[in-house]
Every structure is written in structure tokens, then in C-alpha cells.
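# A closer look at the structure
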Amino acid sequence: MSNATPAHKRILLKLSGEALMGDDAFGINRATIERMVEEVVGVTRLGVQVAVVIGGGNIFRGVAGGAVGMDRATADYMGMLATVMNALALADAMDKQGLTARVMSAIAIDQVVEPYVRPKALQYLEEGKVVVFAAGTGNPFFTTDTAAALRGAEIGAEVVLKATKVDGVYTADPNKDPSATRYSKLSFDEAITRNLGIMDATAFALCRDQKLPIRVFSIVKHGALQRVVMGEDEGTLVYA
């Protein structure tokens, strides 16, 4: 392994719940989560401090039909609880690979996970532990993208890494338009003008106001997370 210094000391990794499904219809694919954890283990060995915000779409998708017509706040709370389940699975997979993880929830579930306390989260990061933030912001009507922007700003992350199934932001849908090209870099203003929909509007505005860059990259591409952390041209960087 190269002795080069990582470009980032502390990162906030945003994982969608769907990313944990692999090729399954919903739920958690064990092989997929283990491969993702291997990527995280690799960057922690470089001395990078890692915090994770996880979504819940893979679990909520299984009950989404029953949520039709449900009160929006109630449905959002169900989604938050789904993220707690994903966070526990992620932390367990990290533990199996020798990485110490701490799950911190924005909703109090004391028998299962710790409540989110910012100084404690910072302490864990300094100790080299991975902190997994669950239950979004703890409030309905806010997405886990917004939770990622919020937690990233709170812990002083240098970048929010939005892990997707596509290796960056393109001029058009690369699956439909073979001539689509990947943006290497974009300013926040350019992304807004071109209506690229990188994150929801609240999350995007928060990152822009805090001058917190976002990098969109593919979590299914082997070694991509490490290349991002090392400052290589991987994915798309959105900057202030």
C-alpha cells in the first residue's frame, strides 16, 4: 500500500438503505454489507476517521404498500426505525471484521443503541471508532440526506461522501444516454442551475451554506472509497 497521505482526515459517509440490498428486492444482503465494510476498514487503516449516516429504504420498501394513505409523520418515524435496524447490522458487520463501531440514534432507544450526543461522537471518532448515525435527524419531514449534511457539519467532517450505484454525476442518465459524460467537479451553483438533484434541497442548501463539499461516487465500484479518500479523480466533487 502507498505511503501517501489521505486527502481527508474525517469523512461523513452517506449510505442509502437500498445500497445494502444488493440484488435482492428488499432487506439486507449479507455479502453486500460485508463488501462495503471491507471498503470502510481499508480507509480507517489509513488513519481516516469515519462517520456513517444510513438510510432505511431497503426495509421500509417491504412495508411501503401498507404506508399508503398513512400520516406522513408516522410513516417517517417508521422509516427512522428502519435506519436503526440497518445501523445495527452495519455495526455488527464491522465488529466481525475487527472494526469498533458505535451506533448513535437521534431517537432514544436506550436498550438498543446510544442516544446521539455530539461530544461523545467526536470522542469516538478521535479514538478511531466508526460512528454510525441512525434515525435520521430524529424529526419527520427530513430525509437521511439532510441528516448526513447536518451530522457532517456538526462533527466537522471535511467532506460528505454520497455513496450511490452510479460512479458520479452525469450530464444525463448514463443508462439511457450513451453520450452522457461524468462531471469531475461542479460548484453548488452549477448543480442548482442544471437541476442535477444530487441531494434533496434542504441537505444541499445546508452543505452549501456550511461550505461542506459533497462527493458522489459508486459504492459498488471496488476500491472507490479509498480512491476518494486519497484525493483521486473518483466520482464527482461538488464544492462551494
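Residues numbered from 1 in each chain as written. Predicted model: local features only at pLDDT ≥ 70, side-chain atom pairs only at ≥ 80, totals over all residues. Heavy atoms only, no water.

- The name that an unreviewed UniProt entry assigns to the protein chain is Uridylate kinase, with the source organism given as Paenacidovorax caeni.
- As stated in UniProt under Pathway (unreviewed entry), the record for the protein chain gives "Pyrimidine metabolism; CTP biosynthesis via de novo pathway; UDP from UMP (UMPK route): step 1/1."
- Turning to the protein chain, the UniProt record has this under Subcellular location (unreviewed entry): "Cytoplasm". (UniProt positions renumbered as here; feature names shortened; annotations may be inferred.)

### Description of the overall build of the protein chain
- From N to C terminus, the protein chain includes eight helices and nine strands.
- For 240 residues, the compact-globule formula gives about 18 Å, and the C-alpha radius of gyration of the protein chain, at 17 Å, lands near that figure.
- Counting only C-alpha atoms, the protein chain reaches 45 × 45 × 35 Å along its principal axes.
- Here the contacts in the protein chain between residues at least 6 apart in sequence split such that 73% fall between residues at least 24 apart.
- For the protein chain, the exposed area adds up to about 11,100 Å²; of that, 51% sits on carbon and sulfur atoms.
- Of note, the protein chain has its 25 positive side-chain charges centred 3 Å away from the centre of its 27 negative side-chain charges. (Helix = DSSP H or I, 4+ residues; strand = E, 2+ residues; numbered from the N terminus. Rg over C-alpha atoms; globule rule 2.2 N^0.38 Å. Contact = heavy atoms within 4.5 Å. Areas by Shrake-Rupley, 256 points an atom, 1.4 Å probe, with all protein chains shown as cover. Lys, Arg positive; Asp, Glu negative; His and termini not counted. Charge placed at Lys NZ, Arg CZ, Asp CG, Glu CD.)

### Structural notes on the pattern of salt bridges
- Scanning the entire structure with this criterion turns up 14 salt bridges.
- Salt-bridge contacts for Arg30 lead to Glu34; the nearest nitrogen and oxygen are separated by 3.5 Å. On the criterion of helical spacing, the pair formed by Arg30 and Glu34 is a turn pair, its members being four residues apart in helix α1 (residues 30–44).
- Since its relative accessible area comes to 37%, Arg30 is described here as partly exposed.
- Glu34 gets classed as partly exposed once you look at its relative accessible area, which sits at 35%.
- The shortest N-O distance in the salt bridge between Asp167 and Lys221 comes to 3.8 Å. Of this pair, Asp167 sits in the loop between β6 (159–164) and β7 (185–187) while Lys221 is found in the loop between β8 (214–218) and α8 (224–229), placing the two residues 54 residues apart along the sequence.
- Here Asp167 falls in the partly exposed class, since its relative accessible area comes to 24%.
- Through salt bridges that share partners, Arg30, Glu34, Asp92 and Lys96 make up one connected network. (Salt bridge = Lys/Arg side-chain N within 4 Å of Asp/Glu carboxyl O. Buried < 20%, exposed > 50% of the residue type's maximum accessible area, 1.4 Å probe, protein only.)

### Overview of the UniProt feature "binding site: UMP" (unreviewed entry) in the protein chain
- The sites that UniProt annotates as "binding site: UMP" (unreviewed entry) are Gly56, Asp76, Thr137, Gly138, Asn139, Pro140, Phe141, Phe142, Thr143 and Thr144. Spanning 89 residues, the annotated positions come together in the fold, the maximum distance between their C-alpha atoms being 14.4 Å.
- Residue position: Gly56 is located in the loop between β2 (49–54) and α2 (57–60).
- Excluding residues within four positions of it along the chain, Gly56 makes contact with Gly17, Gly79, Ala82, Thr83 and Asn86.
- As for its placement among the helices and strands, Asn139 is situated in the loop between β5 (130–134) and α5 (144–154).

### Things to note about the side chain of Asn29
- With respect to the element layout, Asn29 can be found in the loop between β1 (10–15) and α1.
- Setting aside anything within four residues of it in sequence, one finds Asn29 in contact with Leu20, Met21, Gly22 and Asp24.

### Side note on helix α3 (residues 72–96)
- The terminal C-alpha atoms of α3, which comprises 25 residues, lie 37 Å apart, in line with the 36 Å expected from a rise of 1.5 Å per residue.
- Put simply, Asp71 is the residue that caps the front of α3, since its side-chain oxygen is 3.2 Å from the backbone nitrogen of Ala73.
- Directly beyond the C-terminal end of α3, a positive phi value near 80° is found at Gly98. (Expected span 1.5 Å × (residues − 1). Polar contact = N/O pair within 3.5 Å; in protein donor to acceptor, adjacent residues only side chain to side chain.)

### A short note on the nonpolar core
- One finds Leu13, Leu15, Val52, Met94, Val130, Phe217 and Leu225 to be the most contacted residues of the largest nonpolar core, which totals 42 residues.
- For this core, the secondary structure elements donating two or more residues are β1, α1, β2, α3, β3 (101–105), β5, β6 and α8.
- Per-element accounting of this core gives the leading share, eight residues, to α3.
- Val131, Ala157, Val160 and Met199 belong to the second-largest nonpolar core, a separate cluster that totals 31 residues. (Core = buried A, V, L, I, M, F, W, Y, C linked by side-chain atoms within 4.5 Å.)

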